[in-house]
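Working through the structure, step by step
Here's the letter readout for the chains.
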Amino acid sequence: MTERFYITTPIYYVNAAPHIGHAYTTIVADVLNRFHMLSGMNTFFLTGTDEHGDKIVAAADQSGQSPKEYVDRISRMFRELWPKLNISYNHFIRTTDPDHQETVRLVLTRVKERGDIYFSEYEGLYCFGCERFYTEKELVDGKCPDHQTPPQVIKEANYFFRMSRYQQWLIDYIHAHPDFIRPERYKNEVLSFLSEPLEDLCISRPKSRLTWGITLPFDDNFVTYVWFDALINYVSGLGYPSGDRFKTYWPWAQHIIAKDILKPHGIYWPCMLKSAGIEPYRHLNVHGYWNVSQGKMSKSLGNVVRPLDLVDVYGLDPFRYFLMREMVFGLDSEFSEEALVARLNADLANDLGNLVSRSLTMIHKYFKGNLPEPGPVKPRDEELKRSALALVDIYEKQMRDLGMHKALMAVWEVIGKVNKYIDEMAPWVLAKSETGRLGTVIRHIFETLRIVAGLLWPFIPESAQKIQVQLGLPCQGKDVTLEDLRTWGMERPVRLIEKAPALFPRIERRKEKGRALPLHPPEKALPSKKGDAAIPADQALITYDDFQKIDLRIGVIRAAEPIAGSKKLLKLTVDIGEERTVVAGLKGHYEEAALAGKQVLMVANLEPAVLMGIGSEGMILAATDRCGVHLLGPDSETVPGSRVK
Ligand code: MSP
């Protein structure tokens with residue numbers, strides 16, 4: 001029977017817009033899912049959103065929307081982002097889905113029947129940001145280590161899950177399955193939690209305090225604790241208990257999470273599964289954190305990096321490649337645009353891009369786009385062939401062990417070898433005298449490129465497929481298997497080999513340090529009781545005083561210039577009584593020449609930002625609709641610098 005592979009991401013809270021942390025986890029899941037497709041497995045990929053609990057109610061309140069309107073809006077942001085990052089999930093689950101809610105009630109009933117739920121009064125230290133009770137020992141300087149806020153003392157009667165009953169079973173299970181939680185450091189962390197007595201888990205919230213949740217099946221006065229609800233998504237998303245998908249894909253589950261949610265996944269979830277009579281998942285795969293400027297990304301610091309900002313400036317595949325190449329799975333990484341540009345220029349534009357373009361150019365020049373027949377083979381050709389075939393095994397092993405960055409390093413080693421082979425074989429010299437040898441050399445380059453493109457597809461699907469098309473290959477993307485890549489000469493082109501433009505244009509950057517990204521201004525933090533900051537809703541009302549804070553002026557565009565390396569941005573000189581430089585996303589929407597002389601509406605007191613290394617000192621306003629971008633301005637000639645009220 002075909003082997004099965006089921007991969008999940010955490011279901012993300014809808015109290016914050018997606019950032020690169022969410023994108024990383026989801027891209028890892030996508031890369032691994034695609035890799036298992038190449039391995040010929042029957043795969044299923046689940047992601048979604050976590051929509052109940054205090055945090056979400058607080059965020060909805062702040063945005064002036066009802067919880068339902070609010071969660072619909074933010075969940076849509078996640079659902080619509082993933083296709084833009086080429087994430088090919090099979091199902092998007094929401095904890096507000098009726099069938100998920102039914103499953104949660106079913107699991108609670110089973111756990112209760114098992115005698116694992118009891119009612120009791122409890123007083124404890126509660127962090128609203130984490131939505132959980134803390135023990136004194138877990139606090140750092142009396143504060144929640146994640147939110148840096150003191151927890152509140154809460155006393156109430158609640159339902160409890162008898163998790164303590166499963167402590168020994170879990171310890172034994174982890175010892176018997178040493179890679180149940182990986183990498184090892186996280187297994188050790190879980191075992192260290194388990195070396196202390198495990199407390200039972202409070203799994204309800206009284207409706208007097210919270211109504212936005214799933215009502216307990218055995219007491220209408222309570223809703224389910226958000227973690228108990230959320231974890232069940234991994235089985236409800238497959239149609240537990242009787243759905244075909246559940247029968248097919250459970251227990252082949254590979255959960256991908258970051259270290260922040262190790263405890264619920266490494267301890268609560270296996271105990272819940274055991275109690276409900278469901279087999280444990282296969283592996284919990286835990287990665288580290290992306291930090292920005294040596295610290296945590298946080299909305300209140302305004303250093304949140306949004307995936308689409310990066311994709312807009314650098315392109316999707318460079319973004320996916322950078323995340324996978326830069327982070328060692330399990331360890332923290334520092335995000336910087338400089339590092340992204342360096343990888344894009346060195347690995348993608350220089351090494352891979354040049355290899356593809358010089359190879360295709362030679363096939364065109366010497367054989368009019370046809371793959372030549374090989375002539376005599378020499379040891380140097382055999383050596384390249386051996387490296388290319390060995391690469392498939394090395395890559396496969398690394399991918400199975402979550403060594404995505406090492407798999408990429410191995411691919412790049414071979415890319416380096418082909419580039420060197422071309423330099424040494426000098427096809428341009430062979431073309432003059434030895435056409436038989438030239439055929440052999442071109443065939444070896446072609447085959448190695450075919451292997452490289454196939455292996456890169458999970459990481460950079462669009463570019464890999466472009467290479468496959470340019471090589472004229474009949475099978476592309478998921479239709480290629482690792483076995484095909486292990487077979488030298490497996491596929492011949494079915495079309496002429498194309499000569500194509502550069503896959504990855506180099507990004508030239510100025511010497512001075514600068515960001516190409518829009519800076520997301522710090523968002524107002526919610527009162528600590530309510531946890532993390534919320535997204536300001538487009539619908540939220542502002543006061544007249546708020547409006548007056550915006551210094552709106554009439555300006556005249558004096559000059560518009562392209563910015564090297566940017567697909568979207570133009571550098572404008574705008575006269576608002578004084579000259580300001582403004583970087584605006586107008587490229588492709590307006591001819592530069594047509595902008596000069598235009599009167600525009602400008603926000604003159606926006607905090608300056610550096611975009612593509614250029615200081616931007618304001619923002620000009622435009623409306624966007626299906627037809628494009630429309631600049632706003634006065635309906636008759638107005639003196640530059642006039643205030644708009
Ligand atoms: N809703 C819970 C998860 C429930 S799963 C049953 C939750 N949501 S979350 O929106 O806070 O997402 C946390 C996850 O987002 C992390 O585990 C990780 O996958 C991703 N990341 C969030 N910030 C991150 C970084 N800075 N770096 C890497 N990944 C990060 O917790």
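Our structure's up above, just so we're on the same page.
It should be emphasised that the depicted structure is a prediction, and the values quoted were computed from it without experimental measurement.

**Notes on the overall build of the protein**
If you tally the helices and strands in the protein, you get 21 helices and 25 strands. Taking 26 Å as the expected radius of gyration for a compact globule of 645 residues, we find that the protein reaches 28 Å, a close match to that expectation. Along the first, second and third principal axes, the C-alpha set of the protein runs to 90 × 75 × 40 Å. Burial analysis of the protein (645 residues in total) assigns 56% to the buried set.

**Remarks on the environment of Glu121**
Inspection of the secondary structure puts Glu121 in strand S4 (residues 117–127). On a C-alpha basis, the gap between Glu121 and Gly454 in space is 59 Å, while along the polypeptide they are 333 residues apart. Those residues within four positions of Glu121 in sequence are excluded, and the remaining contacts are Lys155, Glu156 and Ala157.

**Some thoughts on the environment of Lys549**
Tracing the backbone through its elements, the reader meets Lys549 in the loop between helix H20 (544–548) and strand S17 (552–562). Note: C-alpha distance between Lys549 and Asn605 (56 residues apart in sequence) is 8.6 Å.

**Considering the pattern of salt bridges**
A complete count under the given rule lists 33 salt bridges for this structure. Because the salt bridges share partners, they merge into one network encompassing Asp393, Glu396, Arg400, Glu483 and Arg486.

**A look at unusual backbone geometry**
A cis geometry characterises the amide bond from Arg182 onward to Pro183, with omega recorded as -5°. Relative to the assigned elements, Pro183 resides in the loop between strand S7 (181–182) and helix H6 (184–194). With an omega of 5°, the peptide bond running from Tyr240 to Pro241 counts as cis. You can see Pro241 is positioned in the loop between helix H8 (233–236) and helix H9 (244–249). A positive phi is found at Lys368, a non-glycine position, where the angle reads about 55°. Inspection of the secondary structure puts Lys368 in the loop between helix H13 (337–367) and helix H14 (379–400). The phi dihedral of Leu402 falls on the positive side, at around 65°, and the residue is not glycine. Tracing the sequence through the fold places Leu402 in the loop between H14 and helix H15 (404–425). When its relative accessible area of 7% is taken as the criterion, Leu402 is described as buried.

**Notes on the site of the ligand**
In the vicinity of the ligand, 23 residues are found, and the nearest of them are Ile11, Thr25, Asp50, Asp260 and Trp290. Tyr13 places a main-chain nitrogen or oxygen 3.0 Å from an oxygen atom of the ligand. Burial of the ligand by the protein chains amounts to 94% of its free accessible area of 670 Å². Those elements that provide at least two residues to the shell around the ligand are strand S1 (4–13), helix H1 (20–38), helix H7 (226–231) and H8. Here the element with the most residues in the shell around the ligand is S1; it accounts for four residues. Split into classes, the residues belonging to the shell around the ligand amount to 13 nonpolar, eight polar and two charged.

**Re the packing of aromatic side chains**
Within the structure shown, the criterion is met by 31 aromatic pairs. Members of the aromatic cluster, connected to one another through ring pairs, are Tyr6, Phe44, Tyr234, Tyr240, Phe246, Tyr249, Trp250 and Trp269. In this arrangement the basic side chain of Arg209 is found over the ring face of Tyr126, its NZ or CZ atom lying 5.3 Å from the centre.

**Comments concerning the sheet that holds strand S11 (residues 219–224)**
One open sheet accounts for three strands, arranged S9-S11-S10; its pairing is antiparallel. Two strands in the sheet have a free side with no partner beyond their single neighbour: strand S9 (204–206) and strand S10 (215–216). In terms of strand pairing, S10 meets S11 through two bridges, oriented antiparallel. Across the sheet, Leu216 pairs through a bridge with Asp219, a residue of S11.

**Comments concerning the environment of Val28**
Along the chain, Val28 falls in helix H1. Among the residues examined, Val28 registers a relative accessible area of 0% and is labelled buried. When the C-alpha positions of Val28 and His630 are compared, they lie 38 Å apart, and in sequence the two are 602 residues distant. Ignoring anything within four residues of it in the chain, the contact list for Val28 reads Ile256, Met324, Phe329 and Met404.

**Considering the side chain of Arg580**
If you trace the backbone, Arg580 turns up in strand S19 (residues 579–584). A polar contact of 2.9 Å, which involves the side chain of Arg580, links it to the backbone oxygen of Ala604. Excluding its chain neighbours within four sequence positions, the residues that come into contact with Arg580 are Leu572, Thr573, Val574, Met602, Ala604 and Glu617.

**Notes on the nonpolar core**
The biggest cluster of nonpolar side chains holds 173 residues, and the ones touching the most others in it are Leu85, Phe161, Trp250, Trp269 and Leu352. Leave out the neighbours within four places in its chain, and Trp250 touches Tyr6, Tyr234, Val235, Leu238, Arg245, His255, Trp269, Leu273, Ile278, Glu279, Pro280 and Tyr281. The next biggest cluster of nonpolar side chains, apart from the first, holds 17 residues, and it includes Leu570, Leu572, Ala584 and Ile620.

What counts as what
- What you see as residue numbers is a count from 1 along each chain, following the sequence as written.
- With pLDDT at 70 or above as the cut-off, local features in this predicted model cover only qualifying residues; side-chain atom pairs require 80 or more to be listed or tallied, and sums for whole chains, interfaces and linings still use all residues.
- The basis for every side-chain value is the complete set of heavy atoms in the structure, and neither hydrogens nor water enter the calculation.
- Starting at the N terminus, helices and strands are each numbered in turn, a helix being any DSSP run of H or I of at least four residues and a strand any DSSP run of E of at least two.
- To get the radius of gyration, use the C-alpha atoms; to get the globule rule, take the number of residues to the power 0.38 and multiply by 2.2 Å.
- Only protein chains enter the area calculation, which uses a 1.4 Å probe; residues under 20% of their type maximum are buried, those over 50% are exposed, and those in between are partly exposed.
- Contact definition: two residues touch when any of their heavy atoms are within 4.5 Å.
- Salt bridge, as used here, is a side-chain nitrogen of Lys or Arg placed within 4 Å of a carboxyl oxygen of Asp or Glu.
- Any residue with a non-hydrogen atom lying within 4 Å of a molecule or strand is treated as near it.
- Any pair of N or O atoms that falls within 3.5 Å is considered a polar contact. Within protein, one atom must be able to donate a hydrogen and the other to accept it, and sequence-neighbouring residues count only if both atoms are side-chain atoms.
- Areas reported as accessible are Shrake-Rupley estimates using a 1.4 Å probe. Residue values count occlusion only from the protein chains shown.
- In this classification, Asp, Glu, Lys and Arg are treated as charged, Ala, Val, Leu, Ile, Met, Phe, Trp, Tyr, Cys and Pro as nonpolar, and every other residue, Gly included, as polar.
- Any two rings among Phe, Tyr and Trp, with Trp reduced to its six-membered ring, count as a pair given centres within 6.5 Å; such a pair is stacked if its planes are under 30 degrees apart, edge-to-face if over 60, and tilted if neither.
- For a lysine, the NZ atom is tested; for an arginine, the CZ atom; a charge sits over a ring if that atom is within 6 Å of the ring centre and within 35 degrees of the ring normal.
- One bridge is not enough; two strands pair if DSSP finds at least two bridges between them.
- Buried Ala, Val, Leu, Ile, Met, Phe, Trp, Tyr and Cys residues that are joined via side-chain atoms within 4.5 Å together make up what is termed a nonpolar core.

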